[in-house]
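One letter stands for each residue in the lines below.
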Amino acid sequence: MPHFIAEYSANLHDDIDFQDFFGKVNHFLGATGVFPLGGIRSRAICMHDYVIADAKHDYAFIHMTLKVGSGRDLETRQHVAQELFKLIEEHFQPLKDRRLLAISFEMTELDPVLNFKSNNIHQFLNAQQ
């Protein structure tokens, strides 16, 4: 963990370089010292079926979720969420300046019991050091 998921309206498909954006997100999350690098995942899901507001204009949206494992105190989670949202707003401001765009972000903490993982990436990264 964490997993960063961006859902976005299909009319943004050609306007967002997700590799660049996710590079920034992953670097930020890794640099916080709160999350192990081997657990960070970022992905985008293009939403082809949607209606925004009155549907009379070329509205667009991007909604992002950061799913984190349990065990971090609220103050730590809040600090990471606030700083990540600043990064998000800065990254998408040029796009927001050009078009009608709704940006939203939420952090969710996963249940400590009903959350299952299997991962050999941590071992690989540790062996690289």
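Above: the structure in question.
What you see is a predicted model, and the numbers here were worked out from it, not measured in a lab.

Enquirer: Help me understand the overall build of the protein chain in this model?
Expert: In terms of regular secondary structure, the protein chain is built from three helices and four strands. Scored against the burial criterion, the 129 residues of the protein chain give a buried share of 33%. Once local pairs closer than 6 in sequence are excluded, the contacts in the protein chain between residues at least 24 apart make up 83%. Carbon and sulfur atoms make up 51% of the accessible area of the protein chain, which amounts to about 8100 Å² in all. Taking the average location of the 12 positive side-chain charges in the protein chain and that of its 17 negative ones, the two points are 3 Å from each other.

Enquirer: Honestly, the sheet that holds strand E3 (residues 60-68) in this entry has me stumped. Any pointers?
Expert: The mixed open sheet is built from four strands, whose spatial order is E2-E1-E3-E4. Strands with a single pairing partner mark the edges of an open sheet, and in this sheet they are strand E2 (41-47) and strand E4 (101-109). Within this sheet the neighbouring strands show an average axis-to-axis angle of 15°, counted without direction. One ladder, built from six bridges, connects strand E1 (residues 3-9) with E3; its direction is antiparallel.

Enquirer: I would appreciate a short explanation of the packing of aromatic side chains in the present structure.
Expert: What characterises a pair of aromatic rings is the spacing of the ring centres plus the angle enclosed by the ring planes. Scanning all chains against the criterion turns up eight aromatic pairs. Counting every residue linked through ring pairs, the aromatic cluster contains Phe4, Tyr8, Phe18, Phe21, Phe22 and Phe92.

Enquirer: What should I look at first to understand the packing of helix H1 (residues 18-31) against helix H2 (residues 74-98) in this one?
Expert: The relative placement of two packed helices comes down to the angle between their axes together with the axis-to-axis distance. Running from N to C, H1 and H2 point in directions that differ by 155°, and their axes come no closer than 11 Å. With respect to their mutual orientation, H1 and H2 come out roughly antiparallel. The two elements H1 and H2 cross, and the hand of that crossing is right-handed. Residues Asp20, Phe21, Lys24, Val25, Phe28 and Leu29 of H1 pack against Val80, Glu83, Leu84, Leu87, Ile88, His91 and Phe92 of H2. For the contact of H1 with H2, the class distribution of residues is nine nonpolar, one polar and three charged.

Enquirer: I'm lost on the pairing of E3 in this one. Help?
Expert: Within a regular beta strand, the side chains point alternately toward one face of the sheet and then the other, so they alternate between its two faces. Where burial is concerned, most of E3 is hidden: seven out of the nine residues are buried. Across nine bridges, the pairing between E3 and E4 is parallel. Bridge assignment links Val68 to a residue of E4, and that residue is Glu109. In this fold, E3 hands off to H2, which returns the chain to E4; that crossover is right-handed.

Criteria and cut-off values
- Positions within a chain are numbered from 1, following the residues in the order the chain's sequence is written.
- Reporting of local features is limited, given that this is a predicted model, to residues whose pLDDT is at least 70; pairs of side-chain atoms are given and counted only at 80 or more, and all residues count toward the totals for whole chains, interfaces and linings.
- Excluding hydrogens and water, the side-chain figures rest on all heavy atoms present in the structure.
- Numbering of helices and strands runs from the N terminus; a helix is a DSSP stretch of H or I covering at least four residues, while a strand is a stretch of E covering at least two.
- Burial classes: relative accessible area under 20% of the type maximum marks a residue as buried, over 50% as exposed, and values in between as partly exposed (1.4 Å probe, protein chains only).
- Throughout, a contact is declared for two residues whenever any of their heavy atoms are within 4.5 Å.
- The method behind every accessible area is Shrake-Rupley, applied with a 1.4 Å probe, and residues are considered shielded solely by the protein chains displayed.
- Charge assignment: positive for Lys and Arg, negative for Asp and Glu; neither His nor the chain ends contribute.
- We put the charge of a Lys on NZ, of an Arg on CZ, of an Asp on CG and of a Glu on CD.
- Strands were regarded as paired on the criterion that DSSP finds at least two bridges between them.
- A fitted line through C-alpha atoms serves as each axis, taken over the contacting stretch for helices, and the angle formed by two N-to-C directions is quoted from 0 to 180°.
- We call Phe, Tyr and Trp rings a pair once their centres come within 6.5 Å, taking the six-membered ring for Trp, and we label the pair stacked below 30 degrees between planes, edge-to-face above 60, and tilted otherwise.
- What sets the label is the angle itself: under 35 degrees gives roughly parallel, over 145 gives roughly antiparallel, 65 to 115 gives roughly perpendicular, and the rest give oblique.
- The hand of a helix crossing depends on one turn: near helix anticlockwise from the far one by less than a right angle means left-handed, and clockwise means right-handed.
- Ten residues, namely Ala, Val, Leu, Ile, Met, Phe, Trp, Tyr, Cys and Pro, are considered nonpolar, four, namely Asp, Glu, Lys and Arg, are considered charged, and the remaining ones, Gly among them, are considered polar.
- Orient the strands so they point away from the viewer; a crossover is then right-handed if the path from the first strand over the helix to the second runs clockwise.

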